[in-house]
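# Residue-level structure breakdown
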Amino acid sequence: LPLLLKATLLRLVSGSYHPFYNGFYYNHIMNDDSDGQDQVDYFNGARLVVETSKDPVYSYSGGNVTLLCHYRYEPDMGPKRKIRIKWSKLRDDYTKEKDVLVAIGKTSMAFGDFKGRAHMNQASRHEASLVISDVHLEDDGKYRCEVIDGLEDESDVVELRLQGIVFPYQPPRGQYRLNFHEAEQVCQDQGAILANFNQLFQAWSEGLDWCNAGWLADGTVQYPIRLPRKPCGGMHLAPGIRSYGPRHRHLHRFDAFCFSSALKGEVFYLDRPAGMTLEEAKQSCQDAGAEIARVGQLYSAWKFLGLDRCSAGWLADGSVRYPIVTPRANCGPAEPGVRSFGFP
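Residues numbered from 1 in each chain as written. Predicted model: local features only at pLDDT ≥ 70, side-chain atom pairs only at ≥ 80, totals over all residues. Heavy atoms only, no water.

As recorded in an unreviewed UniProt entry, the protein goes by HPLN3 protein and comes from Drymodes brunneopygia. UniProt's Sequence similarities (unreviewed entry) comment on the protein is quoted here verbatim: "Belongs to the HAPLN family." (UniProt positions renumbered as here; feature names shortened; annotations may be inferred.)

The structure is reproduced here in structure tokens:
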């Protein structure tokens, strides 16, 4: 029977559900030789190799970052025709992707939230680097650089990590009042986003210990425990991340774990000897050419800028808190942290 080769058009803007491929499976031909090993025959006689940074690339909210990507041919065949480049943002499980940018030669197009923020850097031969300006909290994650030359299609993955901090959040109404969508919103209101598992794990490894369960970005509910104790899963369990698994995003209610990145601006205190109400505090900040800080901004200033103040102050959500870098008498517990008086 004759072999029928069914070739489909490559769609640059499409969601592939296979890691490292974009619905484009004929980048090489597999032949079975006598010893049972697969042999690769490349269409143009040269092997296409794509390489990105093996180490994570770090940035912060509002910053600019370059995700390096280079490609080459083995052996080098000299000048090539215009190749196609596609950048995608991947999920941790590689089941979905988000189109970031596609380019042919010097012409490129960014998509979605990356419009106006993403462009190619092709300063040197065989460079396909992605530049992202005004980095958003949601940009944290894995990116795939895919190079397509005719029937050859190769790719590599680089990870962008934002320098940030995870903090637990309860609304004024009290503990376990948020469904998933409400948790997303309260984090946004505080200058943050729902944390993902990797961010929560990093925070746990740095000392975060919190007994109340909270939503994460993937719809699971978890909480970090450094010191096992009876109300927090029991004494018999080792330290780690306790998980309730996926919960119903509308019906179930918990707290939230929010993630905020390093600041471009500054958090500072305004003192008034007689004190201020919340509305007076908001107006005083406006009079000073600023705005009243949000919870995520206070946590970021505490962690990244070393903000240390034993006097409590209002925040935008109506809570009263203060940051302590160097614990001392009359300033709360013996550990550094952001202290809270709740919602007076």
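### Some details on the sheet that holds strand E20 (residues 313-314)
The strand order across the open sheet built from three strands is E20-E21-E22, with neighbouring strands paired in antiparallel fashion. Single-partner strands in this sheet number two, and they are E20 and strand E22 (337-340). Here two bridges tie E20 to strand E21 (residues 320-324), and the two strands are oriented antiparallel to one another. What sits directly across from glycine 313, in E21, is arginine 321. Here helix H4 (residues 295-304) sits on the sheet in contact with E21 and E22, set at roughly 15° to E21. (Pairing = 2+ DSSP bridges. Helix = DSSP H or I, 4+ residues; strand = E, 2+ residues; numbered from the N terminus. Contact = heavy atoms within 4.5 Å. Axes fitted to C-alpha atoms, helices over the stretch in contact; angles between N-to-C directions.)

### Structural notes on the nonpolar core
The nonpolar side chains of a soluble globular protein tend to be buried with one another. Residues Leu67, Trp87, Leu130 and Tyr143 are the most contacted members of the largest nonpolar core, which totals 68 residues. For this core, the element with the highest residue contribution is H4, accounting for five residues. Residue contacts for tyrosine 143: discarding those within four places in its chain leaves Leu67, Trp87, Ser88, Lys89, Val100, Phe114, Leu130, Ile132, Asp156, Val157, Val158 and Leu160. (Core = buried A, V, L, I, M, F, W, Y, C linked by side-chain atoms within 4.5 Å. Buried < 20%, exposed > 50% of the residue type's maximum accessible area, 1.4 Å probe, protein only.)

### Re the side chain of glutamate 146
The residue glutamate 146 is located in strand E12 (residues 141-149) in this model. Residue glutamate 146 is classed as buried on the basis of its relative accessible area, which comes to 0%. In this structure the side chain of glutamate 146 is engaged in a polar contact, spanning 3.4 Å, whose partner is the side chain of arginine 144. (Polar contact = N/O pair within 3.5 Å; in protein donor to acceptor, adjacent residues only side chain to side chain.)

### Focus: the packing of aromatic side chains
Counted by the stated rule, this structure contains 12 aromatic pairs. Geometrically, the ring pair formed by tyrosine 299 and tryptophan 302 is edge-to-face, given 6.4 Å between the ring centres and 90° between the ring planes. Of the two residues, tyrosine 299 and tryptophan 302 both sit in helix H4, three residues apart, roughly one turn of that helix. Comparing tyrosine 299 with tryptophan 302, the two get one shared label, buried. Of the aromatic side chains, those joined through ring pairs into one cluster are Tyr176, Phe180, Trp215, Tyr223, Tyr244 and Phe254. One cation-aromatic arrangement involves arginine 249 over phenylalanine 180; the distance from NZ or CZ to the ring centre is 4.3 Å. (Phe/Tyr/Trp six-rings, centres within 6.5 Å; stacked < 30°, edge-to-face > 60°. Lys NZ or Arg CZ within 6 Å of the ring centre and 35° of its normal.)

### Description of the environment of glutamine 175
Note on placement: glutamine 175 falls in the loop between strand E14 (164-169) and helix H1 (180-189). With 38 residues separating them along the chain, glutamine 175 and alanine 213 place their C-alpha atoms 9.6 Å apart. Residues in contact with glutamine 175, not counting those within four places in the same chain, are Gln170, Asn212 and Asp255. Within the local environment of glutamine 175, its side chain forms a polar contact with the side chain of asparagine 212, the two groups lying 2.9 Å apart.

### Quick word on the pairing of strand E11 (residues 129-132)
Every second residue of E11 is oriented toward a common face, with Ser129 and Val131 on one face and Leu130 and Ile132 on the other, all of them buried. Pairing of strand E5 (residues 65-67) with E11 involves three bridges; the strand directions are antiparallel. The residue of E11 that forms the bridge with valine 65 is isoleucine 132. As paired strands, strand E10 (residues 118-121) and E11 are joined by four bridges and run antiparallel to one another. Paired with asparagine 121 across the two strands is serine 129, which belongs to E11.

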